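As a plain string of letters, each chain reads:
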Amino acid sequence: MSSSQPAVATPERIVIATRESRLALWQAEHVKARLEALYPACEVVLLGMTTRGDQILDRPLAKVGGKGLFVKELETALLDRRADIAVHSMKDVPMEMGEEFALVTISEREVPLDAFVSNKYDSLDDMPPGAVVGTSSLRRESQLHANYPMLAVTSLRGNLDTRLRKLDEGQYDAIILAAAGLTRLGLSERIRGVLPSEVSLPAAGQGALGIEALSDRPEVAAWMAPLNDTDTSACVRAERAVARALAGSCEVPLGAYAEADNGNLWLRGFVARPDGSEIVRAERRGPLAEAESLGKALADELRAGGAAEILASL
């Protein structure tokens, strides 16, 4: 290391802000274990918090302010210096972040695809007309309507355990969840099938964990650097660039999914009407190092292909 880059002192204590849902705690514990392995003398502590997104369960997220509801309280803890980092599911992190915050690390991705979960049917193809599928996501809803117009798609809110309970109570014939969350909580036996990306293109950042810190704390970024995964980080940054350029939030049925191979990215995206009556798709390939510009180019292509009209009508 050159003299212009002084070595960062090993941390003595790291406080992680986290939501208190079972999945969020798993994610925070996972990061805690990795940090403890990296810095054996460091005390790593969890600061559990309940967010507005966890409290408002009677309305779809899109109607109450979007995914930022899961992040706000954690960011306040960072600003107040009560926490050093916050751990997030990348698909819950708003596309626009305040300049006082930085995504310092994106760690290796779990399976990024959607999972089909049902106690009655083996797959979406097996479901009879009128069968009820639950999902909290306009992105999934639009693709379900487009590919399976005979099925009834209804809103499903709550944390992972709540959603599974509603399924088990018979409120739904099937539900669609992120495969990553089920796998991380040891519930992969509930997955009847993983939906291929051609059927359900994932959300930007799905399956990846991000670590957020204050922009003015370069020492924290340095502590977290060993947890960063280059391929996942490039994929997620490309996906987020698509969503950001298209004003992506919960209110927009939009998917963006990148795969890395040998220093290159294959990026796909779509924008749809919520009822699936129109879907505009595009894809791009390019070098890993140009992830963000690739995302912007894909967004421009989608917009030119008809996404602009769809977005204007939402």
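Remember, it's a predicted structure, so these values are computed and weren't measured experimentally.

**Focus on the overall build of the protein**
A count of helices and strands for the protein gives 9 helices and 13 strands. Along the first, second and third principal axes, the C-alpha set of the protein runs to 65 × 45 × 35 Å. Residue burial in the protein is summarised as follows: out of 314 residues, 52% are buried. One finds the centroid of the 35 positive side-chain charges in the protein at a distance of 3 Å from the centroid of its 45 negative side-chain charges.

**Re the sheet that holds strand β1 (residues 13–19)**
Across the sheet, which stays open at both edges, the 5 strands sit in the order β2-β1-β3-β10-β4 with mixed pairing between neighbours. Strand pairing shows two members of the sheet lacking a second neighbour, β2 (43–49) and β4 (101–106), which therefore form its edges. Across the sheet, the mean angle separating the axes of adjacent strands is 30 degrees when strand polarity is ignored. Both β1 and β2 contribute to a ladder of 7 bridges, which runs parallel. When the bridges of β2 are listed, arginine 19 appears paired with methionine 49.

**Describing helix α3 (residues 72–79)**
For α3, every residue scored as buried is listed here: Leu74, Glu75, Ala77 and Leu78. Across the axial projection of α3, the buried residues extend over an arc of 155 degrees, all falling on one side. Considering only its buried residues, α3 is in contact with β1, β2, β3 (85–89), β4 and β10 (209–214). At the exit of α3 stands arginine 81, carrying a positive phi of roughly 65 degrees.

**Details of the environment of leucine 38**
With respect to the secondary-structure elements, leucine 38 resides in helix α1 (residues 22–38). On the accessibility criterion, leucine 38 (35% relative accessible area) is partly exposed. When neighbours within four sequence positions are excluded, leucine 38 is seen to be in contact with Pro226 and Leu227.

**Topic: the sheet that holds strand β13 (residues 279–287)**
Two orientations exist for strands paired in a sheet by backbone hydrogen bonds: parallel and antiparallel. Across the sheet, 3 strands lie side by side as β11-β12-β13; this open sheet has antiparallel pairing. Of all strands in the sheet, those bounded by a partner on one side alone are β11 (254–261) and β13. Shown here is a sheet whose adjacent strand axes are inclined to one another by a mean of 10 degrees, direction ignored. Relative to strand β12 (residues 264–272), β11 is paired through 8 bridges, and the arrangement is antiparallel. Paired with alanine 260 across the strands is leucine 265, a residue of β12.

**Some thoughts on the nonpolar core**
The biggest cluster of nonpolar side chains holds 26 residues, and the ones touching the most others in it are Val242, Leu246, Leu265, Leu267, Val271 and Leu302. Mapped onto this core, the elements with two or more residues apiece are α8 (230–245), β11, β12, β13 and α9 (291–313). Examining the composition of this core, we find that 8 residues originate from one element, α9, more than from any other. Apart from the residues within four sequence positions on either side, valine 242 is in contact with Ala256, Leu267, Gly295, Leu298, Ala299 and Leu302. Ranked by size, the runner-up nonpolar core spans 17 residues in total, among them Ala28, Cys42, Ala213 and Trp223.

**Examining the side chain of serine 142**
Structurally, serine 142 is set in helix α4 (residues 138–147). Exposure remark for serine 142: the relative accessible area of 0% places this residue in the buried category. Ignoring any residue separated from it by four or fewer positions in sequence, one finds serine 142 in contact with Pro253, Phe270, Ala272, Arg273, Pro274, Gly276 and Ile279.

**Some details on the pattern of salt bridges**
Any two side chains of opposite charge can pair, on the condition that their charged atoms come close. Applying the stated rule across the entire model yields 20 salt bridges. Of the charged contacts in the structure, one is a salt bridge between aspartate 216 and arginine 81, with a shortest N-O distance of 3.6 Å. Separated by 135 residues along the polypeptide, aspartate 216 in the loop between β10 and α7 (218–224) and arginine 81 in the loop between α3 and β3 bring together distant segments of the chain. The exposed category is assigned to aspartate 216, whose relative accessible area is 52%. Residues joined in a network through salt bridges with shared partners are Asp84, Arg217 and Glu219.

Conventions used here
- Residues numbered from 1 in each chain as written.
- Predicted model: local features only at pLDDT ≥ 70, side-chain atom pairs only at ≥ 80, totals over all residues.
- Heavy atoms only, no water.
- Helix = DSSP H or I, 4+ residues; strand = E, 2+ residues; numbered from the N terminus.
- Buried < 20%, exposed > 50% of the residue type's maximum accessible area, 1.4 Å probe, protein only.
- Lys, Arg positive; Asp, Glu negative; His and termini not counted.
- Charge placed at Lys NZ, Arg CZ, Asp CG, Glu CD.
- Pairing = 2+ DSSP bridges.
- Axes fitted to C-alpha atoms, helices over the stretch in contact; angles between N-to-C directions.
- Arc of directions from axis to C-beta.
- Contact = heavy atoms within 4.5 Å.
- Core = buried A, V, L, I, M, F, W, Y, C linked by side-chain atoms within 4.5 Å.
- Salt bridge = Lys/Arg side-chain N within 4 Å of Asp/Glu carboxyl O.

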